[in-house]
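# Structural description and commentary
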Amino acid sequence: MIGIFDSGYGGMTVLKPIMDLLPEYDYLYLGDNARAPYGNHSPENIQRFSEQAINFLFDKGIILIIFACNTASSTALRYIQKKYLNGNLEKNKKILGVLIPAVEKAVNTTKINRIGVVGTKATIASRVYEKEITKINKNIKVVGSACPLLVPFIEEGWHNKPEAKSILKKYLKPLKTNNIDTLILGCTHYPLMKNDFQKIMGNKVKIISSGEATAESLKDYLKRHPEIEKKITKNKKRQFITTDNPQRFKRFVEKHFGIKISTPEKITLN
Ligand code: DGL
């Protein structure tokens, strides 16, 4: 099984393109809905929550985990990788984030070396996107904008309302005035408003969703690592686990992602 970890529902924007591209594998999705949104928490809390989730998935025998959450990827992934994977404590296990695939795609996309990043408060405050982009090309200017109100709007199903669009316009203003040509949607939820991002930024701006970039990068990773690939079960099984209301989880996913899922199991992370 491949484990997909997110703070809540949003990681479905990552799981969906992964399932579309690699349908043969088994997937287990863990959403920590009880403590979402992660984006307004301190880095210490996000690291603790993520560590608990990783321990849970490792205990289930999962050897490959995708951190679908941008906030966890930018704030906790390095810490977890160092703690668990460097010292060979968890040999032959792997955790991949959504950040690097989106960064690489954006760097290859920009023609004028100007990239925008939108995300939660924690993601933008970490400046990890900027660090990773300038590691590849120090001439690229990166402009970040935190959009903290979008996640609650989307979770309420209010993202098609004019209020959501007018807030988005305000959030995107600094990116518009900085003339970027590539925009990374650095938050799981934002692809649900992708058309609005595109409309406000204009057709000349290429929008990069981390989910699609991650799916392509996972495919490539599995090809390059047959020792991991051969251990992943392939029965097209999809299992969902949440730390909050399973019915609410099922309703949200079915409504917004157009797929039928089994009712998730409810667990407590500690
Ligand atoms: N999953 C989070 C992210 O991608 C968004 C929701 C949250 O803040 O927990 O950053």
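Residues numbered from 1 in each chain as written. Predicted model: local features only at pLDDT ≥ 70, side-chain atom pairs only at ≥ 80, totals over all residues. Heavy atoms only, no water.

Here we come to the environment of D32. Secondary-structure assignment places D32 in the loop between β2 (27-31) and α2 (43-59). Taking the relative accessible area as the measure of exposure, D32 reaches 1% and is therefore buried. Residues D32 and F49, spaced 17 residues apart in sequence, show a C-alpha to C-alpha distance of 8.4 Å. Looking at D32, its side chain comes within polar contact range of the side chain of Y38, at 2.5 Å. In terms of polar contacts, D32 uses its side chain to reach the side chain of T243, at 2.8 Å. (Helix = DSSP H or I, 4+ residues; strand = E, 2+ residues; numbered from the N terminus. Buried < 20%, exposed > 50% of the residue type's maximum accessible area, 1.4 Å probe, protein only. Polar contact = N/O pair within 3.5 Å; in protein donor to acceptor, adjacent residues only side chain to side chain.)

To continue, consider the sheet that holds strand β10 (residues 265-266). Read from one edge to the other, the open sheet built from six strands follows the order β4-β3-β1-β2-β9-β10, with strand pairing classed as parallel. This sheet does not close on itself; its edge strands, each paired only once, are β4 (94-97) and β10. Its contacts with the sheet put helix α11 (residues 210-224) on β1 (2-6), β3 (64-67) and β4, and the angle it makes with β3 is roughly 160°. (Pairing = 2+ DSSP bridges. Contact = heavy atoms within 4.5 Å. Axes fitted to C-alpha atoms, helices over the stretch in contact; angles between N-to-C directions.)

Time to look at the site of the ligand. Around the ligand, 13 residues are found, and the nearest of them are S7, Y38, G39, T71 and T188. The side chain of D6 places a nitrogen or oxygen atom 3.0 Å from a nitrogen atom of the ligand. For the ligand, an oxygen atom lies 2.5 Å from a polar atom in the side chain of T71. With the chains in place, 99% of the 300 Å² that the ligand exposes on its own is no longer accessible. Looking at the shell around the ligand residue by residue, the classes come out as five nonpolar, seven polar and one charged. (Near = heavy atom within 4 Å. Areas by Shrake-Rupley, 256 points an atom, 1.4 Å probe, with all protein chains shown as cover. Nonpolar A, V, L, I, M, F, W, Y, C, P; charged D, E, K, R; others polar.)

It is worth spelling out the packing of helix α9 (residues 162-177) against helix α10 (residues 194-201) at this point. Two elements in contact, α9 and α10, have axes whose closest approach is 10 Å; the angle formed by their N-to-C orientations is 50°. Overall, the two elements α9 and α10 adopt an arrangement that is oblique. The way α9 lies across α10 gives a crossing that is right-handed. Here α9 contributes K165, L168, K169, L172, L175 and K176 to the contact with α10, which in turn contributes D196, F197, I200 and M201. Across the contact of α9 with α10, the residue classes break down as six nonpolar, no polar and four charged. (Parallel < 35°, antiparallel > 145°, perpendicular 65-115°, else oblique. Left-handed = near helix turned anticlockwise from the far one by under 90°.)

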